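The chain contents come next:
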Amino acid sequence: MTAGEATGDEHLTVEPPEQWATGLPAVRHALQFSLQHTSLRRTAINLLTINQKNGIDCPGCAWPEPNKRHLQEYCENGAKHVNDEATTRRITREFFREHPVSVLATKSDMWLNDQGRLTEPMVKRPDSDHYEPISWDAAFELLATELHSLDSPDEALFYTSGRLSNEAAFLLQLFVRGLGTNNLPDCSNMCHESSGSGLSETLGIGKGSVSLEDIEEADLVFAVGINPGTNMPRMLSSLEETKRNGGHVIAINPLPEAGLIRFKNPQKARGIIGRGTTIADQFLHIKPGGDLALFQAINALLLAAEDADPGNVLDHDFIDRDTTGFAEFAEHARRIDWADVLEATGLPRDEIDKVVNRVLASKKIIVCWAMGVTQQKHGVATVREIVNFLMLRGNLGRPGAGVCPVRGHSNVQGDRTMGIWERMPQTFMDALGREFGFTPPTHHGLDAVDSIRAMRDGRAKFFMGFAGNFVRATPDSELTERAMRNCSLTAHVSTKLNLSHAVCGRTALILPTLGRSDRDVQAGGEQFVTVEDSMSNVHQSHGRLDPASEHLLSEVAIVCRLARHTLGQAPAIPWEDFEADYDLVRERISRVVPGFEDFNRRVREPGGFRLPNPVNERTYPTPSGKAVFTSNTFDRLQVPEGHLVLQTMRSHDQWNTVPYALNDRYRGIHNGRHVVLVNPDDIAALGLADRQLVDLVSTWEDGIERRAKNFRVVAYPSARGSAASYYPETNVLVPLDSVADISNTPTSKGVFVRLVPAAAGHRPTAAARSDEELPAVRS
Ligand code: SF4
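Throughout what follows, the structure given in this document is the object of discussion. (Residues numbered from 1 in each chain as written. Predicted model: local features only at pLDDT ≥ 70, side-chain atom pairs only at ≥ 80, totals over all residues. Heavy atoms only, no water.)

Points about a nonpolar patch on the surface
Here's step 1: On the surface, a cluster of nonpolar side chains totalling about 450 Å² of accessible area is made up of L24, V27, L31, I272 and I273.
Here's step 2: Those elements giving two or more residues to the nonpolar patch turn out to be α1 (23-37) and α14 (269-273).
Here's step 3: Here the nonpolar patch takes three residues from α1, the largest share from any one element.
Here's step 4: With respect to the secondary-structure elements, I273 resides in helix α14.
Here's step 5: Residue I273 is classed as exposed on the basis of its relative accessible area of 76%. (Patch = residues over 30% accessible without salt bridge, like charges linked within 9 Å, V, L, I, M, F, W, Y side chains within 5 Å. Areas by Shrake-Rupley, 256 points an atom, 1.4 Å probe, with all protein chains shown as cover. Salt bridge = Lys/Arg side-chain N within 4 Å of Asp/Glu carboxyl O. Helix = DSSP H or I, 4+ residues; strand = E, 2+ residues; numbered from the N terminus. Buried < 20%, exposed > 50% of the residue type's maximum accessible area, 1.4 Å probe, protein only.)

This is the structure we're talking about:
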C-alpha cells in the first residue's frame, strides 16, 4: 500500500449513471460546498469575482471565458476550487506538533486537504518526525546552502504545477537557468506533452489554434477522450452554442459521460426548467487507445471518397499551398487493415462510415481532445493523425476550424510559454541570456518521469515543487515515494497540506504561499498576476480576500528571495525590484517572449489579449515552413489474456489529486472511491460478480507486480475490454517506464490489469481511520 492510500467502502452505493450534466443540482452542490468550507462573505467575494474581467482566474481548468460574461461565469467545480482555497480552517504549528510526519503519511488526500490553509514556513530536520517552525530567512538560507553543496546544479529539480502565474513561472525558470540547469519538470509532462510534441512537429507550434468563437461557429466538433462535464464544465456552454448554431458534435470515449450526453445550462431558463441540450449527435463507444486507428480509418475513407469523386472531397488548394508529405501519407493511409481498425476501436464499421458522412457534410471542423488521447503509448501519433485529418479538408487557419487540445489546469499553457520546459528552443534561451546578461545552460533538463528516475538512482538530491502534489500526481506511486524519500532535501511551495509534505526528503520544507483568491500586496503596492488559457488568451488574475495568514509570501516573492540567497549578484538581476513590482517582471517578459510586446498595457485592457498563432495566419514554423502530413503506424494493443485496459480518471468531486468527497455524482458512485468500472459482459467473462471485492494487478514487461488492493467491481456501460478507476489511488498501477512514444508521458489511460478476487477476509483498507475524522456533512 502506498502512503496516504485510504477509503473504506462500507457505505458505498451505486446508482445508474446520470444522463445529463449540470443544471440546478450543480448550483446547489457548489453553494453547499462553499458554505461548508468558508464564510458567506468570502464565498460571495469569490463568486462575484471569479472569471470576471478584473477578478480571480479560476484555478481549475484552462477553458477560456467569453468576451461577454455572465454574472456567474463559473461552474460547480470552479466554485468549489476557489472556496476550498478560501477555507477558514488553518493549520498552525500546534497541528504539526500533534501530527508526526509518519502519521501524516498514512492519511488520505481528502483528510490532508481538509485540515485547512498552511500559515507559516515549517521545516522537518533529518533526525525528526515532526515539522517545526522556521523563519523565512532561515528557510531560504537552508535551501541556498543545500543547492551550493550539490556536485552539480543538475542534481536539483524544480517542479511546477499549472497554478503558477506567468510572472512566477518566468522568474522561476530564470532563476533555475541562472543556477545552471534546465531541470524544470512540470505537470504538462504528464498530461498534454503528447499534444505539444505532435503539434510542434506537424504545425510548428504546440498549442491549439481555435478560439471560443470558432467552437461556436463550427459545423462539426469532435470531443475525443475528454470528459467536459467534470473536467472543464464550461466547455459544455460552448458546445451548446455550437448546437444552437446548427453544428454537430461527435463524442469519442470509452465511458458515456453525462456531460457528453446532455447539458442543462444553469445560466439559461431552458437549462433550468427544460430538457437542456443534447450534446453528442453521435457517440463512439471506443476502446481505450483506439483513437489512432479510428482517425486513420476516417482518413482512409476520405481518400477513398476523393478517388470516387475526384476534386470534390479534399482541399487541394490547402494541401498544395500549405503542406508537405501528402503523397507518402496518402500511400500509407490507403494500406489500412480494417480487421486491425475494428479490433483496436471496438466499433462497428457502419459507425465509422456515419462519422465520415458527417465530415463530408461539414465545411468547418474542430477536433478537441484531452488525456484519453495523450496518455496512450501512441498519444503523439494520434495527435499527428488528427492533424492529418484536419488538413485533408483544409480545416486549419480559418474560422470555425482547427486543433483544440483542452488543458485541465489553469495556467499550464502559460507556464510553458514563460519557459517552464526542460528543453526550451535555443531562440528563447538566446533572448533570455541577452536580456539578463548570462549564458543559460544548453543541455536538456529532466522531465517528470526522468526526474523520478534521477531521484531513484541518486542522481538528483534536491526537489522543490511549486504548487502541485508530486508524489500523488505521478505514476508508479510506490517507486515514486521511495525516490522522493531518497532526496536529501525536498521543499514545497503550497497553500494546503498534501502527501508530498509527508513523503519527503531527509530535510523537508513547507513554504506557505498566497492562493489565487488572496490579495497580493508588495512594497510597490497591490499586485495582480497573469495567466494564459487553453486558447492563448492572456489576462489578469486579482485576488480579493485577506490572506490566510500574515506570514504568507507570494510565489513571486518566494522565487525572488530564493534567487537572492542562492545566486547573489551573479547574474546581476534585480530580484528585489521584481518582488516589489510585478510590472517590472512583465516588462522583461515582453522583451524575451514573442507575442508579449507592450504586455503591461495590453493586459490591462478588459479581458487582456490573445497571443498570435501562426497557424491562423497559415504560416508554419516547421523546418520546411509547411504543415507536415505524417505517416503513423499503430501496433494493435497486445492485451494479455484475461486482462482489461485500465484508464485512471478523476471523479466529479475532485480537483487534481484532491477528492472533495467520496462521491462521483454523474457516474452514480457515492461514498466510495475504491471501485473499478467494468462492462457487465466483461465481468461475466472474467468469472467475477458485480460488487465483488478484487485487487487490481497491473502487468508490465519488467515483471514487477503492481497491486491496488480492495476495489469493488461495479457493472458500468464502459467499452468492452476496458476498466476505469480513480486517480490518484490507481497511479500505483502505472509503471514508470510505460510511457507514450516521444513525449515520455505516462500511459495512464492504457494500463493492462487483471482483476484478482481479494483474499478471504481481506477487507477494505484502513481508510476509515483517516476519514472518520472528516467533517460529517458532505455533498
Ligand atoms: S470551467 Fe474550468 S476554469 Fe471555468 S469555472 Fe469551471 S473549473 Fe474553473
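Anyway, onward from the coordinates.
Quick word on the environment of S135
Here's step 1: Summarising the element assignment, S135 is placed in the loop between β6 (131-133) and α7 (136-149).
Here's step 2: When the C-alpha positions of S135 and P121 are compared, they lie 6.6 Å apart, and in sequence the two are 14 residues distant.

Focus on the packing of aromatic side chains
Here's step 1: Evaluation of the coordinates by the stated rule reveals 22 aromatic pairs.
Here's step 2: Ring geometry for F170 versus F436: centroids 6.2 Å apart, planes at 50 degrees, classification tilted. Taken together, the residues span a long stretch of sequence, with F170 in helix α8 (residues 166-179) and F436 in helix α23 (residues 426-436) at a distance of 266 residues. You'll find F170 and F436 in the same group, each marked buried.
Here's step 3: The ring of W338 carries the charged tip of R349 above its face, separated from the ring centre by 4.0 Å.
Here's step 4: Directly above the aromatic system of F528 lies the positively charged group of R586, at a separation of 4.0 Å from the ring centroid. (Phe/Tyr/Trp six-rings, centres within 6.5 Å; stacked < 30°, edge-to-face > 60°. Lys NZ or Arg CZ within 6 Å of the ring centre and 35° of its normal.)

Description of unusual backbone geometry
Here's step 1: In this structure, P571 follows A570 across a cis peptide bond, with omega equal to -5 degrees.
Here's step 2: Looking at the element boundaries, P571 is found in the loop between α28 (555-567) and α29 (575-580).
Here's step 3: Omega for the bond connecting Y727 with P728 falls within 30 degrees of zero, at 10 degrees, which places this linkage in the cis form.
Here's step 4: For P728, the location among the structural elements is in the loop between β32 (722-726) and β33 (751-757).
Here's step 5: One non-glycine residue, R691, adopts positive backbone phi at about 70 degrees.
Here's step 6: Of note, R691 is situated in the loop between α32 (680-685) and β30 (693-698).

Overview of the sheet that holds strand β16 (residues 462-466)
Here's step 1: What the six strands build is an open sheet, ordered β6-β5-β18-β17-β16-β7; its pairing is mixed. In this open sheet, the two edge strands, each paired with only one partner strand, are β6 and β7 (156-160). This sheet shows a mean twist of 15 degrees between the axes of neighbouring strands, independent of strand direction.
Here's step 2: Where strand β17 (residues 489-494) lies against strand β18 (residues 507-512), six bridges are found, and the strand directions are parallel. The partner of S494 across the bridge, within β18, is P512. (Pairing = 2+ DSSP bridges. Axes fitted to C-alpha atoms, helices over the stretch in contact; angles between N-to-C directions.)

Details of the nonpolar core
Here's step 1: Ranked by size, the top nonpolar core spans 64 residues in total, and within it L143, F158, F170, L171, F175, M464 and W575 carry the most contacts.
Here's step 2: Considering every element that reaches this core, the biggest residue donor is α8, with nine residues.
Here's step 3: With residues up to four places along the chain from it excluded, the contact list for F158 reads L147, F175, V176, L179, T181, N183, L184, P185, F462, M464 and F466.
Here's step 4: Membership of the second largest hydrophobic core comes to 50 residues, among which are L199, F329, V341 and F389. (Core = buried A, V, L, I, M, F, W, Y, C linked by side-chain atoms within 4.5 Å. Contact = heavy atoms within 4.5 Å.)

Comments concerning the pairing of β16
Here's step 1: In terms of burial, β16 is a largely internal element, five of the five residues being buried.
Here's step 2: The side-chain alternation of β16 yields two buried faces, one formed by F462, M464 and F466 and the other by F463 and G465.
Here's step 3: Bridge count for β7 against β16 is five bridges, and the pairing is parallel. Across the sheet, the residue bridging to F158 is M464, located in β16.
Here's step 4: Both β16 and β17 contribute to a ladder of five bridges, which runs parallel. By the bridge assignment for β17, F463 is matched with T490.

Observations concerning the sheet that holds strand β8 (residues 220-224)
Here's step 1: Spatial strand order, β12-β9-β8-β14-β15: five strands in an open sheet with parallel pairing. Two strands lie at the open edges of the sheet, namely β12 (282-284) and β15 (402-405), each paired on one side alone. On average, adjacent strands in this sheet sit at an angle of 15 degrees to one another, irrespective of strand direction.
Here's step 2: Where β8 lies against strand β14 (residues 365-369), five bridges are found, and the strand directions are parallel.

With respect to the pattern of salt bridges
Here's step 1: Under the counting rule described, the total for this entry stands at 56 salt bridges.
Here's step 2: Note that R516 and D57 form a salt bridge whose closest N and O atoms lie 3.2 Å from each other. With R516 in the loop between β18 and β19 (520-522) and D57 in the loop between α2 (40-49) and α3 (76-85), the pair connects residues that are 459 residues apart, well separated along the chain.
Here's step 3: On the basis of relative accessibility, which here comes to 6%, the residue D57 falls in the buried class.
Here's step 4: The shortest N-O distance in the salt bridge between K80 and D653 comes to 2.5 Å. You can see K80 sitting in helix α3 and its partner D653 sitting in the loop between β25 (644-649) and β26 (654-655), a full 573 residues away along the chain.
Here's step 5: Classification of D653 by relative accessible area gives buried; the value is 3%.
Here's step 6: Linked by salt bridges that have partners in common, E76, K80, D653 and R665 make up one network.

Spatial relationships are all this shows, so hold off on functional conclusions.
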